[in-house]
Amino acid sequence: MRRTCLDMVHELARQDERIFFIGSDLGVGTLQQFKAEMPDRFFMEGVSESHVIGMAAGMALDGHIVYVNTIATFLTRRCFEQIALDLCLHNVRVRLIGNGGGLVYAPLGPTHLATDDLAILRALPRMTILAPADAEEMRRMMPLTVEPSGPIYIRLAKGGDPIVTDPSKRLEIGKAIVMRDGKDALLISTGVTLKIALEAAAVLAQDGIETTVLHMHTVKPLDTRAVLDYAGRARAIVTIEEHTVIGGLGSAVAEVISEADFASPKRFRRLGLPDAFPSQYGSQDSLWTLYGLTTENTVRTIRGLLDAGKGKIAI
């Protein structure tokens, strides 16, 4: 996914001379062809992320469209004030490309785990937050990031993730994609957790449980219309994300449905990371298992909600 994203920045820059790239302490080989072709629009800064944001803001105020790339935790936690005041307040066209969203950097521990990046940025006015599910969706999404006003955060997975999106489905910033339609339950995912959602829906279908899978590649602005339309007819609603359950996709959906005044009661759960710093090192997959970001736990959660709604005890 990261390679596709950066390759698309290069391709877009070939077509649009307003586009600049700034990397912060990236590998020496990153976008070398971009640098060779357009050296006046390529910058590689050191470990000075806050400075990079200010630099990008200045370029954007001068009419450029700037793509900034570095590790997601350093891009969000370390630069919050600069993002808020330099980018959002001035509503400039800077695109923040965050490497390693979620638990990608599991071997490096909590300093490198971007488990709160969505929450941090979702609170900022004028910020758009994108979390594509795979490289194919990233390829189609990047051209859409050029013209919108205001800053955009693009959350990257580790790369090599399976292709689960459908190129035939229209992609539009701010509009959810219905990957599967069903009347019993609603499963809302973002980013690479779409794979888990689709697998869970397929398992549930074997038992006659019809599940809508709503893919939120845009966490902000949230497609509230889609949430309300599909939540209105479902008995159980579950969100799944590679992020803390506080402040991310689950919180955004909870805010919508809590004010919806549905005619029938809804049962709702958020699947994600607990409100704690990850305490274990390992692989991304091992931490997914630890925190229940699995097909099995998703299926169990939906079944439990549906059973509880029938007056049964959820197991």
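Residues numbered from 1 in each chain as written. Predicted model: local features only at pLDDT ≥ 70, side-chain atom pairs only at ≥ 80, totals over all residues. Heavy atoms only, no water.

Engineer: Sorry, what's going on with the sheet that holds strand β3 (residues 65-71) here?
Structural biologist: Where strands meet in a sheet, backbone hydrogen bonds hold them as pairs that are either parallel or antiparallel. Reading across the sheet, the 7 strands line up as β2-β1-β3-β4-β6-β5-β10 and stay open at both edges, with mixed pairing between neighbours. Of all strands in the sheet, those bounded by a partner on one side alone are β2 (42-45) and β10 (218-220). On average, adjacent strands in this sheet sit at an angle of 20 degrees to one another, irrespective of strand direction. Those strands touched by helix α1 (residues 2-15) are β1 (19-24), β3 and β4 (94-99), and its axis lies near 145 degrees from that of β1. Its contacts with the sheet put helix α3 (residues 49-61) on β1, β2, β3 and β4, and the angle it makes with β1 is roughly 175 degrees. (Pairing = 2+ DSSP bridges. Helix = DSSP H or I, 4+ residues; strand = E, 2+ residues; numbered from the N terminus. Axes fitted to C-alpha atoms, helices over the stretch in contact; angles between N-to-C directions. Contact = heavy atoms within 4.5 Å.)

Engineer: Got a minute to help me understand the packing of α3 against helix α5 (residues 80-88) in this structure?
Structural biologist: Between α3 and α5, the least distance of the axes is 9 Å, while the angle of their chain directions is 5 degrees. Taken together, α3 and α5 sit at an angle that is classed as roughly parallel. Between α3 and α5, the contacting residues are Ser50, Ile53, Gly54 and Ala57 on the first element and Gln82, Ile83, Asp86 and Leu87 on the second. Grouping the constituent residues of the contact of α3 with α5 by class yields 4 nonpolar, 3 polar and 1 charged. (Parallel < 35°, antiparallel > 145°, perpendicular 65-115°, else oblique. Nonpolar A, V, L, I, M, F, W, Y, C, P; charged D, E, K, R; others polar.)

Engineer: How should I be thinking about the pattern of salt bridges in this particular structure?
Structural biologist: According to the stated counting rule, one finds 18 salt bridges in the structure shown. Measuring nitrogen to oxygen at the nearest pair gives 2.6 Å for the salt bridge that ties Arg18 to Asp16. Classification of Arg18 by relative accessible area gives partly exposed; the value is 28%. The network of salt bridges with common partners includes Glu11, Arg14 and Glu37. (Salt bridge = Lys/Arg side-chain N within 4 Å of Asp/Glu carboxyl O. Buried < 20%, exposed > 50% of the residue type's maximum accessible area, 1.4 Å probe, protein only.)

Engineer: Please explain helix α10 (residues 249-258) as it appears in this structure.
Structural biologist: Since the α-helix turns once every 3.6 residues, residues separated by three or four places project in the same direction. Burial analysis of α10 places 7 of its 10 residues in the buried class, the great majority of the element. Among all positions of α10, only Leu249, Gly250, Ser251, Ala252, Val253, Val256 and Ile257 are buried. On its buried face, α10 is in contact with α6 (117-122), β8 (185-189), α9 (224-231), β11 (236-244) and β12 (267-273).

Engineer: What is the right way to look at the side chain of Thr76 in this model?
Structural biologist: Looking at where Thr76 falls in the secondary structure, it is placed in helix α4 (residues 72-76). Polar contacts involving the side chain of Thr76 include one to the main-chain carbonyl oxygen of Ala72, which spans 2.8 Å. When neighbours within four sequence positions are excluded, Thr76 is seen to be in contact with Ile83, Asp117, Ile120, Leu121 and Tyr153. (Polar contact = N/O pair within 3.5 Å; in protein donor to acceptor, adjacent residues only side chain to side chain.)

Engineer: Mind showing me how you'd approach the sheet that holds strand β9 (residues 211-215) here?
Structural biologist: Strand order in the open sheet formed by 5 strands is β7-β9-β8-β11-β12, and the pairing between neighbours is mixed. Single-partner strands in this sheet number two, and they are β7 (177-180) and β12. Taking the axes of each pair of neighbouring strands and ignoring which way they run, one obtains an average angle of 20 degrees across the sheet. Pairing of β11 with β12 involves 6 bridges; the strand directions are parallel. Within β12, the residue paired with Thr244 across the bridge is Leu273. Its contacts with the sheet place helix α8 (residues 194-205) against β7, β8, β9 and β11, and it is angled at close to 170 degrees to β9.

Engineer: Explain the nonpolar core to me, please; I cannot follow it from the model alone.
Structural biologist: Nonpolar side chains in soluble globular proteins tend to be buried together. Formed by 58 residues in total, the largest nonpolar core has its most connected members in Phe21, Phe34, Tyr67, Ile97, Met142 and Ile154. Excluding anything up to four places from it in sequence, Tyr67 contacts Val9, Leu12, Ile19, Phe20, Phe21, Ile22, Arg95, Ile97, Met142, Thr145 and Val146. Of all hydrophobic cores here, the second largest spans 30 residues; its members include Met59, Ala60, Val66 and Val92. (Core = buried A, V, L, I, M, F, W, Y, C linked by side-chain atoms within 4.5 Å.)

Engineer: Is there a simple way to explain the packing of α9 against α10 in this structure?
Structural biologist: Two packed helices can be described by the angle between their axes and the distance between those axes. In the contact formed by α9 and α10, the axes pass within 10 Å of each other and the chain directions differ by 65 degrees. When the axes of α9 and α10 are compared, the crossing they make is right-handed. Contacts between α9 and α10 involve Thr224, Val227, Leu228 and Ala231 on the former and, on the latter, Val253, Val256 and Ile257. Of the residues contributing to the contact of α9 with α10, the split by class is 6 nonpolar, 1 polar and no charged. (Left-handed = near helix turned anticlockwise from the far one by under 90°.)

Engineer: What's the story with α1 in this structure? I'm lost.
Structural biologist: Between its first and last C-alpha atoms α1 spans 20 Å; for 14 residues at 1.5 Å apiece the expected length is 20 Å, and the two agree. Of the positions making up α1, those classed as buried are Cys5, Leu6, Met8, Val9, His10, Leu12 and Ala13. Looking at the buried positions of α1, the neighbouring elements they touch are β1, α2 (32-37), β3, β4 and α7 (135-141). (Expected span 1.5 Å × (residues − 1).)

Engineer: Explanation requested: the environment of Gly182 in the structure shown.
Structural biologist: Of note, Gly182 is situated in the loop between β7 and β8. Classification of Gly182 as buried rests on a relative accessible area of 4%. Considered as a pair, Gly182 and Ala205 are 23 residues apart in the sequence and their alpha carbons are 9.3 Å apart. Non-local contacts of Gly182, meaning those with residues more than four positions away in its chain, are made with Glu210, Thr211, Thr212 and Arg233.

Engineer: Is there a simple way to think about the side chain of Thr70 in this case?
Structural biologist: Within the fold, Thr70 resides in strand β3. Exposure remark for Thr70: the relative accessible area of 2% places this residue in the buried category. Filtering out sequence-adjacent residues up to four positions away, Thr70 remains in contact with Ser24, Leu26, Glu49, Leu75, Ile97, Gly98 and Asn99.

Taken by themselves, the reported measurements are silent on function.
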